[in-house]
Amino acid sequence: MAGKKILGDERRQVILDHLITKQAPITGGELAKTANVSRQVIVSDITLLKAKGEPIIATSQGYLYMPGSSRDTMIERIVACQHPPERAEEELFLLVDHGVTVKDVKIEHGVYGDLTASIMVSNRKEVEQFLSKIRETQAAYLSELTDGVHLHTLMAHDEETLKKAEHALEEAGFLMKSYS
């Protein structure tokens, strides 16, 4: 790597400032280039920042700063869905087209217990990026471990948006049941 490495606390502050300022996901690779360190150093730094209470989440698009104040205005609902892997795109597009953010996917595995993966998609472009990453890495969907059964945490600014999205899931044959 050419250039000067940014060290320790200064590097973590630079990372934090980038995440707060951009207000969009930033990949570990991008942060590594900025600080002139390896991606693994960034992973460790993110872990340390999270341990200090910084609201950073890892999404399929990169790291995202999620301050409590903006999430406090969001309403969350957990929905149980079931479908084969080839319908994942349809399900996610349906949700984001209704103005919902899909926060995560969860499954209950017989051996490993509850498994959760952050998704954080709010629009078609983010869904496409997420699905592209799945295809590129040949990763399996978590729901493949449970015959398509999975939970999503959905977020929206109002109850009506969540109700409409949930109804659309039901109409499309995805919805099993919901929990408020």
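If you're wondering where the values come from, they're calculated on a predicted model, not measured in any experiment.

*Asks:* Sorry, what's going on with the UniProt feature "domain: 3H" (unreviewed entry) in the chain here?
*Replies:* As annotated in UniProt, the feature "domain: 3H" (unreviewed entry) corresponds to residues 79–175 in the numbering used here. Within the segment residues 79–175, helix and strand shares are 38% and 32% respectively, and the terminal C-alpha atoms sit 7 Å apart.

*Asks:* What exactly am I supposed to notice about the UniProt feature "binding site: Ni(2+)" (unreviewed entry) in the chain here?
*Replies:* UniProt records the feature "binding site: Ni(2+)" (unreviewed entry) for His83, Glu91, His150 and His152 in the present numbering. Across 70 residues in sequence, these annotated residues keep their C-alpha atoms within 12.7 Å of one another, forming a single compact spot. We classify His83 as buried; its relative accessible area is 6%. With near-sequence residues (within four places) excluded, His83 lies in contact with Ala88, Glu91, Gly148, His150 and Phe174. In this fold, His152 is placed in strand S6 (residues 149–156). Given a relative accessible area of 2%, His152 falls into the buried group. Residues contacting His152, with those up to four places away along its chain left out, are Arg77, Ile78, Val79, Cys81, Glu91, Leu92, Val102, Asp104, Val105 and Ile119.

*Asks:* Would you take a moment to explain unusual backbone geometry for this structure?
*Replies:* In this model, Asn36 sits at a positive phi of 60 degrees, which is unusual for a non-glycine residue. With respect to the helices and strands, the residue Asn36 is situated in the loop between helix H2 (28–35) and helix H3 (39–51). Phi angles above zero are rare outside glycine, and Gln138 is one such case at about 55 degrees. Mapped onto the fold, Gln138 is located in the loop between helix H6 (124–137) and S6. Residue classification places Gln138 among the exposed residues on the basis of a relative accessible area of 74%.

*Asks:* Could you clarify how one ought to interpret the pattern of salt bridges in this entry?
*Replies:* If the charged atoms of two oppositely charged side chains come close together, the side chains can form a pair. Considering all chains together, one arrives at nine salt bridges under this definition. The salt bridge partner of Arg12 is Asp9, with a shortest N-O separation of 3.1 Å. Here Arg12 and its partner Asp9 are both found in helix H1 (residues 8–22), three residues apart, which amounts to about one turn of the helix. Accessibility expressed as a relative area gives 15% for Arg12, which makes it buried. Residue Asp9 is classed as exposed on the basis of its relative accessible area, which comes to 56%. Of the charged contacts, one joins Lys103 and Glu76 as a salt bridge, the two residues approaching to 3.1 Å between their closest N and O atoms. In this pair, Lys103 sits in strand S4 (residues 101–109) while Glu76 sits in strand S3 (residues 75–82), placing the two residues 27 residues apart along the sequence. Within this structure, Asp9, Arg11, Arg12 and Asp45 form a network of salt bridges that share partners.

How each quantity is defined
Residues numbered from 1 in each chain as written. Predicted model: local features only at pLDDT ≥ 70, side-chain atom pairs only at ≥ 80, totals over all residues. Heavy atoms only, no water. UniProt positions renumbered as here; feature names shortened; annotations may be inferred. Helix = DSSP H or I, 4+ residues; strand = E, 2+ residues; numbered from the N terminus. Buried < 20%, exposed > 50% of the residue type's maximum accessible area, 1.4 Å probe, protein only. Contact = heavy atoms within 4.5 Å. Salt bridge = Lys/Arg side-chain N within 4 Å of Asp/Glu carboxyl O.

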